[in-house]
Amino acid sequence: MGKQVIIIDHPLIKRNISILRDKTTPVNQFRDTVNELSTLMAYEVTKDINVQTYEIHTPLEKTEGYFVSDQIVIIPILRAGLGILDGFLKFLHEARVGMLGLYRDHRTHEPVEYYSNIPSGIENSVVILIDPMLATGGSAIMAVDYLKKLGAKKIKFVCLIAAPEGIEAFHAKHPSVPVFTASVDRCLNHNKYILPGLGDAGDRFFGTM
Ligand code: PRP
Ligand code: URA
C-alpha cells in the first residue's frame, strides 16, 4: 500500500487547529494547544502498533495483560518538532527519542542540516518522525532520506498541517511512508508558507517572532 495520507479530523482536533491558526492566540495557549493536539494525534498514529500478552494477577484471578512489543523511536525535526514530542511521550512510555536539526534557508527555502542524534537500532524500530508543518516537503524528504540511509524501514511522518504541494513532493520521493496530518491546507504562498496555515510554527511555539 503506498501514498497514504491519513487526515485525523476529529472534532477536538479541528477545534485545536483553529486555535493555532488564530494570530491572536498567545504563546502559552499556543504551546498548550499543540501539546493537547499531539496527544490526540498520537492515539491515531499508534493504532497499529504491536502488543504481546503476559500473565497478570488481578486481586481476583489470573488474566492476560498486554505490553507494547514494537520498539518505537520518535524523532522530532528541530526545532518546531519538539513541540509535538511531549504529546507523543505521554502515550508511548517505552519510546526512545532521536533528534534531527534542520532549518529552511530563508532565501532558497531548501532545508539545511545542522544536528543529528539518532539512537541505535532504528532498523528494527517503528520510527515516528514529527514536525508540525509539511510545506514544500523539502525538510521531511531530507529527514526520511537520512533515516533510510541509517537503515530505518518502517517510518511514519506526522505533521499538524500539510500543503498539497508538500504531500505530492514527499510521496513522489517516499511513496511508502504514510503522512498523518490534522489538515491539508490550500496551497503555498510565494515565500513557501502554507495558506491559510498558522504562520511560522517554530516562532509561534517558542515565542521568537
Ligand atoms: C519549518 C517546519 C518544517 C519546515 C517545513 O521549520 O517546522 O521543518 O519548516 O518546510 P518545508 O516542508 O518547506 O521544508 P523551519 O525551517 O522554519 O525551522 P524551525 O523549526 O527551526 O523554526
Ligand atoms: N514552516 C512553517 O513554520 N510554516 C509554514 O507555513 C511553512 C514552513
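A short tour of the structure in this document, coming up. (Residues numbered from 1 in each chain as written. Chains lettered and ligands numbered in written order. Predicted model: local features only at pLDDT ≥ 70, side-chain atom pairs only at ≥ 80, totals over all residues. Heavy atoms only, no water.)

### A look at the overall build of the protein
Inference 1: A tally of regular secondary structure across the protein gives 6 helices and 15 strands.
Inference 2: Evaluated residue by residue, the protein yields a buried proportion of 46% over its 209 residues.
Inference 3: The long-range fraction of contacts in the protein, counting pairs at least 24 apart against all pairs at least 6 apart in sequence, stands at 63%.
Inference 4: Surface summary for the protein: the accessible area is close to 10,800 Å², and the carbon and sulfur share equals 54%.
Inference 5: Charged side chains of the protein number 22 positive and 23 negative; the gap between the two group centres comes to 5 Å. (Helix = DSSP H or I, 4+ residues; strand = E, 2+ residues; numbered from the N terminus. Buried < 20%, exposed > 50% of the residue type's maximum accessible area, 1.4 Å probe, protein only. Contact = heavy atoms within 4.5 Å. Areas by Shrake-Rupley, 256 points an atom, 1.4 Å probe, with all protein chains shown as cover. Lys, Arg positive; Asp, Glu negative; His and termini not counted. Charge placed at Lys NZ, Arg CZ, Asp CG, Glu CD.)

### Overview of the nonpolar core
Inference 1: Counting residues in each nonpolar core, the largest one holds 35 residues, and the members touching the most others are Phe88, Ile128 and Leu160.
Inference 2: When contributions to this core are tallied by element, the ones reaching two or more residues are α1 (11-21), α2 (27-45), β4 (71-78), α3 (82-91), β8 (125-130) and α6 (201-206).
Inference 3: Of all hydrophobic cores here, the second largest spans 24 residues; its members include Val73, Leu129, Ala162 and Val177. (Core = buried A, V, L, I, M, F, W, Y, C linked by side-chain atoms within 4.5 Å.)

### Structural notes on the site of ligand 2
Inference 1: Near ligand 2 you find Arg104, Met133, Ala135, Lys192, Tyr193, Ile194, Gly199, Asp200 and Ala201, and these make up its full shell.
Inference 2: Here an oxygen atom of ligand 2 sits 2.8 Å away from a polar atom, N or O, in the main chain of Ile194.
Inference 3: Here Ala201 contributes a backbone N or O atom positioned 2.8 Å from an oxygen atom of ligand 2.
Inference 4: Burial of ligand 2 by the surrounding chains reaches 88%, relative to a free accessible area of 240 Å².
Inference 5: Of the residues belonging to the shell around ligand 2, the class tally is 5 nonpolar, 1 polar and 3 charged. (Near = heavy atom within 4 Å. Polar contact = N/O pair within 3.5 Å; in protein donor to acceptor, adjacent residues only side chain to side chain. Nonpolar A, V, L, I, M, F, W, Y, C, P; charged D, E, K, R; others polar.)

### Re the packing of aromatic side chains
The geometry of an aromatic ring pair is captured by the separation of the ring centres together with the interplanar angle, meaning the angle of the planes.
Inference 1: For the coordinates displayed, the defined rule picks out 5 aromatic pairs.
Inference 2: Ring centres of Tyr43 and Phe91 lie 6.1 Å apart, and the angle between their planes is 40°; this geometry places the pair in the tilted category. With a gap of 48 residues between them, Tyr43 in helix α2 and Phe91 in helix α3 connect regions that are remote in the sequence.
Inference 3: A relative accessible area of 55% places Tyr43 in the exposed class. (Phe/Tyr/Trp six-rings, centres within 6.5 Å; stacked < 30°, edge-to-face > 60°.)

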